[in-house]
Amino acid sequence: MNFELSEDQVAFSDMARAFAQNELEPHAAQWDAESFFPVDVIRKAGELGFCSLYAPERVGGLGLSRLDASIIFEQLSMGCTSTTAYLTIHNMVTWMLADFGTPEAVEQWGEKLATGELLGSYCLTEPNSGSDAASLKTTAKRDGDDYLLNGSKMFISGAGSTDFLVVMARTGGEGPGGVSAFAVDAKSSGISYGRKEDKMGWNSQPTRMITFEDVRVPANHLLGNEGDGFKIAMKGLDGGRINIATCSIGTAQQAINKAREYMLERKQFGKRLADFQALQFRLADMVTELVAARQLVRMAATKLDAGHPDATAYCAMAKRFATDVGFKVCDEALQLYGGNGYIKEYPMERYVRDTRVHRILEGTNEIMRLIISRRVLSDGASEL
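The paragraphs below set out a description of the structure included in this document.

Rules behind the numbers
- Throughout this description, residue numbers start from 1 for each chain and increase along the sequence as written.
- For this predicted model, a pLDDT threshold of at least 70 governs which residues receive local features, and a threshold of 80 or more governs which side-chain atom pairs are given and counted, while totals over whole chains, interfaces and linings are taken from all residues.
- Excluding hydrogens and water, the side-chain values take into account all heavy atoms of the structure.
- Among the buried residues, those of types Ala, Val, Leu, Ile, Met, Phe, Trp, Tyr and Cys that are joined through side-chain atoms within 4.5 Å form a nonpolar core.
- Think of it in three bands: residues with accessible area under 20% of the maximum for their type are buried, residues over 50% are exposed, and the middle band is partly exposed, with areas taken using a 1.4 Å probe on protein chains only.
- By definition, any uninterrupted DSSP run of H or I lasting at least four residues is a helix, any uninterrupted run of E lasting at least two residues is a strand, and each is numbered from the N terminus.
- Strand pairing follows a simple DSSP-based rule, namely that at least 2 bridges must link the two strands.
- Of the grid points, spaced at 1 Å and generated over the protein atoms alone, those admitting a 1.4 Å probe that cannot get out make up cavities, while open sets with protein on both sides within 12 Å along at least five of seven lines make up pockets; any residue with an atom within 4 Å of a point is treated as lining.
- Grid points are joined across faces, edges and corners, and a volume is the space filled by probe spheres set on the points.
- Three categories are distinguished: nonpolar for Ala, Val, Leu, Ile, Met, Phe, Trp, Tyr, Cys and Pro, charged for Asp, Glu, Lys and Arg, and polar for the others, with Gly belonging to the last.
- As a rule, the C-alpha atoms of each element are fitted with a line to give its axis, helices using only the stretch in contact, and angles between N-to-C directions run from 0 to 180 degrees.
- Orientation categories follow fixed angle ranges, with anything under 35 degrees roughly parallel, anything over 145 roughly antiparallel, 65 to 115 roughly perpendicular, and all other angles oblique.
- Here a crossing is taken to be left-handed if its near helix is turned anticlockwise relative to the far helix by less than a right angle, and right-handed if that turn runs clockwise.
- Contacts are assigned to residue pairs that have any heavy atoms within 4.5 Å of one another.
- Here is the rule: rings of Phe, Tyr and Trp (six-membered ring for Trp) pair when centre to centre is within 6.5 Å. Planes less than 30 degrees apart are stacked, more than 60 are edge-to-face, and the remainder are tilted.
- Two conditions define a charge sitting above a ring: the NZ of Lys or the CZ of Arg must be within 6 Å of the ring centre, and it must be within 35 degrees of the ring normal.

Looking now at the nonpolar core. Of all hydrophobic cores here, the largest spans 60 residues; its most connected members are Leu76, Leu97, Tyr122 and Met168. For this core, the secondary-structure elements that each account for two or more residues are α1 (7–34), α2 (39–47), α3 (66–77), α4 (81–100), α5 (103–115), β4 (164–170), β5 (179–185) and α6 (229–265). Membership of the second largest hydrophobic core comes to 41 residues, among which are Ile249, Ala293, Val297 and Tyr337.

Quick look at the structure:
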């Protein structure tokens, strides 16, 4: 095992850190306050390859590993958690199209998604099927050379401001085997968007419901084959769990960085906060747990890259642990700021708000425990 980054990984990390410091961090508080979706900055990220990190080179992607992408997303999330989280979703959508799309669909959207010229959204969750994704009700029925798409999706990041959708819809019977995936033009006739949700965090990306009413989707925009949708969704979620865990780690690291600076400057009772042993111990625990979370995420990413048979369980463990630790670290950092941590002059309250949702999306942490326990208790299970 080699825990050191390669020269290429260090270079990518440095480039991502510079982008975060120059393009994301200076504006993150304003984007949050104004609920502003920074499309132009996202397109700048695309110029550096950050919109297609693990998409193949044949569509203009960088073709990096999931481990490489995690290292990059960690640095970006130190600048703006919410915007980086959207970038991870766009990366997943671009990868899905490139890996499972027909030549016609890839030609239409691939390179433009890879560069960030067009932006994408991922449409799985529905009003009555959150954690139980296999029970989704949106339908796609064959009609000549098209499918007719009907139903609704909710909590869709970027909805109303993006150009391309990956939509999971039912083409067959009940259960996961009846679900298919489609590449859909977000401006298609019959698509309508609900109001922008007023959220606790993740305010630099819009979240809306999407309704589909007899939306015509060409048959050659099917991703994979009929019935492959749930498998594609689950493959996407393995990587998505690594990505969102990484966003928690990066935000928590930045919270520690800020808390350290504050402890070295702030004085109470005639001493710096950094001189109080109780606070030293608290900071030590925060750093230790964060390092453990980072290594688990990177190990899970390595398992995913290698196609390990237990990759899904490792991704679930990494997501559960890192998002819990990330939120806890941000909350502890806020506590170190005292009352200042609760006001918006400082970024701590935003870190807490933005990382809270990570324990819910990409599969709740309760679902992660279910995935892990099923693997451990399965017949013939070996040590993970």
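Unusually for a residue other than glycine, aspartate 214 sits at a positive phi of about 50 degrees. Mapped onto the elements, aspartate 214 comes out in strand β7 (residues 207–218). Even without being glycine, phenylalanine 269 reaches a positive phi, approximately 55 degrees. Checked against the element boundaries, phenylalanine 269 lands in the loop between β9 (267–268) and β10 (271–272). Residue classification places phenylalanine 269 among the exposed positions, given a relative accessible area of 81%.

With nine bridges joining them, strand β3 (residues 146–157) and β7 adopt antiparallel strand pairing. What sits directly across from tyrosine 147, in β7, is valine 217.

What follows concerns the layout of surface pockets. Taken as a whole, the largest pocket spans an internal volume of roughly 1200 Å³. Together, 45 residues line the largest pocket, and Thr125, Ile360, Leu361, Glu362 and Gly363 are the ones closest to its centre. Going through the elements one at a time, α4, β3, α6, α9 (348–356) and α10 (365–377) are the ones with two or more residues in the lining of the largest pocket. With six residues, α6 is the largest single contributor of residues to the lining of the largest pocket. Its residues assigned to classes, the lining of the largest pocket comprises 24 nonpolar, ten polar and eleven charged. Taken together, 13 residues make up the lining of the second largest pocket; nearest its centre are Asn2, Phe3, Arg298, Met299 and Thr302. Of all the elements, helix α7 (residues 277–306) adds the most residues to the lining of the second largest pocket, at five residues. A breakdown of the residues in the lining of the second largest pocket according to their chemical character gives six nonpolar, four polar and three charged.

Our next topic: the packing of α4 against α5. For the pair α4 and α5, interaxial distance at closest approach is 9 Å and the crossing angle is 150 degrees. As the angle between them shows, α4 and α5 are arranged roughly antiparallel. Seen along the crossing, α4 lies across α5 with a hand that is left-handed. Each of His90, Thr94, Leu97 and Ala98 in α4 lies in contact with α5, whose residues at this interface are Ala105, Val106, Trp109, Gly110, Leu113 and Ala114. When grouped by side-chain class, the residues that make up the contact of α4 with α5 number seven nonpolar, three polar and no charged.

Tallying each qualifying case throughout the model produces nine aromatic pairs. Where tryptophan 95 meets phenylalanine 100, the ring centres are 5.7 Å apart and the plane angle is 85 degrees; that geometry is what we call edge-to-face. Per residue, the accessibility class of tryptophan 95 equals that of phenylalanine 100, and both read buried. Considering the side-chain rings of tyrosine 147 and phenylalanine 182, the 4.8 Å spacing of their centres and the 65 degrees angle between planes classify their relative orientation as edge-to-face. Within this pair, whereas tyrosine 147 is found in strand β3, its partner phenylalanine 182 is found in strand β5, the two being separated by 35 residues in sequence. Judged by its relative accessible area of 3%, tyrosine 147 is buried. An aromatic cluster is built from Tyr54, Trp95 and Phe100, whose rings are joined through pairwise contacts. Its guanidinium or amino end placed over the ring of tryptophan 95, arginine 66 lies 4.8 Å from that ring's centre, counting from NZ or CZ.

None of the figures reported here should be taken as evidence of function without further support.
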